[in-house]
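Descriptive analysis of the structure
This is what each chain is made of:
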Amino acid sequence: MTTSALLPTVLRTRLTAFISEHRRLAPGFLDRVVVTGSATAGDWWEGTSDIDLVLVIRRAPSQDELVALGELHRSTISEGPVDGVYLTEQQLAEGPDTVGAAPQVVEGALDTQARGTQLTWVTWREVESGVEGVVDAVGAITWMPSARRFPGAEEGARAFSRHNLRDYWQPLGIRARAQLFSRCDSDPVDPVTVRWIALGPARLVATIETGDVISKSASGAFAAERWPAHAEFLLRAVASRTGEDIPFTVADARQALDLLDQCVEITGVDGR
């Protein structure tokens, strides 16, 4: 498989520049990167999608390096943030259950000792199907499909998805309904929030049922087949994700919450 088939050209260009600056700011720190998420699933959209990485490191960073790298990640926000988690090879091999905390970047913001967030089996499962970039001594990057495999990653991703639907998404849905209670169906709402609620929980259902981590756009097709009554709405949510200027209303937000409730229902009252 050619490099261009692994990652979009514009994405590779951004990553090459990012990695080059990363190496300048913290020499001898970064060993390789694994690209995960939408970029490896054919669902990355320039200007709207973030870039998700697992950054494999050779050593612990200094405080000065962390400050500099935080600034580097923050500088990527305007074009779509470069996010990710920093892990050693040993931490990757041991799996998320033994990693208490690690430097993590979410929406361009670096937390030097973050717990949870990307430290789940879903990330490890994504690494298995990711694209790995090996950085040589002069900074050249060789891209290849990941050959990493982690026993327990598939079942761990299923279990995490069940718990996340019940413990995170269900309470979020209750709060969101309360916020919408007195609003008119025709009021405009933020498209990013609507499509996040429409596609995120369905993505977890797909992982529960298949063991795989699919893209957000693919979760729209999955949910449309599973719940046909929401098919037209999901088609608009996916189109919005690809960059189309599609307005959404409170009525759409309520439909997204109805879909969220149906996703939560598949976990069962006892969480199984």
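Note that this is a predicted model, so its numbers are computed, not measured.

On to unusual backbone geometry. Phi is positive for glutamate 107, which is not a glycine, with a value near 55°. In this structure, glutamate 107 sits in the loop between strand E4 (102-106) and strand E5 (109-114). Given a relative accessible area of 62%, glutamate 107 falls into the exposed group. In the Ramachandran plot, threonine 117 falls in the positive-phi region, its phi being about 55° despite a non-glycine side chain. Within the fold, threonine 117 resides in the loop between E5 and helix H5 (121-128).

Our next topic: the sheet that holds strand E1 (residues 30-36). Hydrogen bonding along the main chain pairs the strands of a sheet, whether they run parallel or antiparallel. A sheet is described by the order of its strands in space; here 7 strands give the open sequence E5-E4-E3-E2-E1-E6-E7, paired in mixed fashion. Only two strands of the sheet have a single partner each, and these edge strands are E5 and strand E7 (141-145). Taken pair by pair, the neighbouring strands of this sheet meet at an average axis angle of 20°, ignoring direction. Direction of pairing for E1 relative to strand E6 (residues 131-135): antiparallel, over a ladder of 4 bridges. Each residue of the ladder has a partner; that of valine 33, found in E6, is glycine 133. Of the strands in this sheet, strand E3 (82-88), E4 and E5 are in contact with helix H3 (residues 63-74), which crosses E5 at around 140°. Contacts from H5 reach E1, strand E2 (51-57) and E3 within the one sheet, and its direction differs from that of E1 by about 95°.

Before going further, it helps to examine the layout of surface pockets. Volume-wise, the largest pocket comes out at about 1,400 Å³. Around the largest pocket, the lining comprises 36 residues; the ones closest to its centre are Asp50, Asp52, Trp196, Arg203 and Lys216. Breaking the lining of the largest pocket down by element, the ones donating at least two residues are E2, E4, H5, helix H6 (153-180) and helix H7 (191-210). If you tally residues by element for the lining of the largest pocket, the top one is H7, at 8 residues. Of the residues in the lining of the largest pocket, the class split is 14 nonpolar, 13 polar and 9 charged. Here the lining of the largest pocket gathers at least three residues from each of two domains, domain 1 (9-145) and domain 2 (153-267). Estimated volume of the second largest pocket: approximately 250 Å³.

Here we come to the packing of aromatic side chains. Aromatic ring pairs: the centre-centre distance and the angle between the two ring planes describe each pair. What the rule picks out here adds up to 5 aromatic pairs. Centre to centre, the rings of tryptophan 121 and tryptophan 124 are 6.3 Å apart; their planes meet at 65°, and the pair counts as edge-to-face. Of this pair, tryptophan 121 and tryptophan 124 are both found in helix H5, 3 residues apart, which corresponds to roughly one turn of the helix. Given a relative accessible area of 15%, tryptophan 121 falls into the buried group. By relative accessible area, tryptophan 124 is classed as buried at 0%. Here the aromatic rings of phenylalanine 233 and phenylalanine 248 are separated by 6.4 Å at their centres, their planes lie at 90°, and the arrangement is edge-to-face. Here phenylalanine 248 lies in strand E9 (residues 248-249) and phenylalanine 233 lies in helix H9 (residues 231-241), a separation of 15 residues in the sequence. One exposure class covers both phenylalanine 233 and phenylalanine 248, and it is buried.

Before going further, it helps to spend a moment on the domain arrangement of the chain. Partitioning the chain into structural domains gives domain 1 (9-145) and domain 2 (153-267). One C-alpha centre belongs to domain 1, the other to domain 2; they are set 26 Å apart. Taken together, the contact pairs 12 residues of domain 1 with 15 residues of domain 2. Regarding the contact of domain 1 and domain 2, the summed buried area is about 1,200 Å², with carbon and sulfur atoms giving 62% of it. When the area that domain 1 buries against domain 2 is broken down by residue, the three leading residues are Asp43, Trp121 and Arg125, summing to 46%. The interface formed by domain 1 and domain 2 holds 4 salt bridges in total. With a closest N to O distance of 3.1 Å, arginine 125 and aspartate 212 form a salt bridge. The tally of links from domain 1 across to domain 2 stands at 6 residue pairs in polar contact (both at pLDDT 80 or more). Broken down by class, the residue content of the side of domain 1 that touches domain 2 amounts to 4 nonpolar, 4 polar and 4 charged.

What counts, and at which threshold
- Residue numbers restart at each chain and count upward from 1, following the sequence in its written direction.
- Since the coordinates come from a predicted model, pLDDT governs what is reported: local features require at least 70, and pairs of side-chain atoms require 80 or more to be given and counted, while whole-chain, interface and lining totals use all residues.
- Neither water nor hydrogens contribute to the side-chain values; these are computed over all heavy atoms in the structure.
- Only DSSP runs of H or I with at least four residues qualify as helices, and only runs of E with at least two residues qualify as strands; both kinds are numbered from the N terminus onward.
- Only protein chains enter the accessibility calculation, which uses a 1.4 Å probe. A residue is then buried if its area is under 20% of the maximum for its type, exposed if over 50%, and partly exposed in between.
- In short, DSSP must find at least two bridges between two strands for them to pair.
- Axis angles are defined between N-to-C directions and span 0 to 180 degrees, where every axis is a line fitted to C-alpha atoms and, for a helix, only to the segment in contact.
- In this description, contact between two residues means that some pair of their heavy atoms is separated by no more than 4.5 Å.
- Two kinds of site are reported from a 1 Å grid over the protein atoms alone, namely cavities, where a 1.4 Å probe fits but cannot get out, and pockets, open sets with protein on both sides within 12 Å along at least five of seven lines, and residues are called lining when an atom falls within 4 Å of a point.
- Grid points are joined across faces, edges and corners, and a volume is the space filled by probe spheres set on the points.
- Under the grouping applied here, Gly and all other residues not named as nonpolar or charged are polar, the nonpolar ones being Ala, Val, Leu, Ile, Met, Phe, Trp, Tyr, Cys and Pro and the charged ones Asp, Glu, Lys and Arg.
- As annotated, the domain borders come from an automatic or database domain assignment.
- Geometry of aromatic contacts follows a simple scheme: Phe, Tyr and Trp rings, the Trp one being its six-membered ring, pair when their centres are within 6.5 Å, and the pair is stacked under 30 degrees between planes, edge-to-face over 60, tilted otherwise.
- Here the quantity called buried area is the total loss of accessible area, with a 1.4 Å probe, experienced by two parts when brought into contact, counted for both.
- A carboxyl oxygen of Asp or Glu within 4 Å of a side-chain nitrogen of Lys or Arg is what we treat as a salt bridge.
- Whenever two N or O atoms come within 3.5 Å, that pair is a polar contact, provided that in protein one can donate a hydrogen and the other can accept it, and provided that, for residues adjacent in sequence, both atoms are side-chain atoms.

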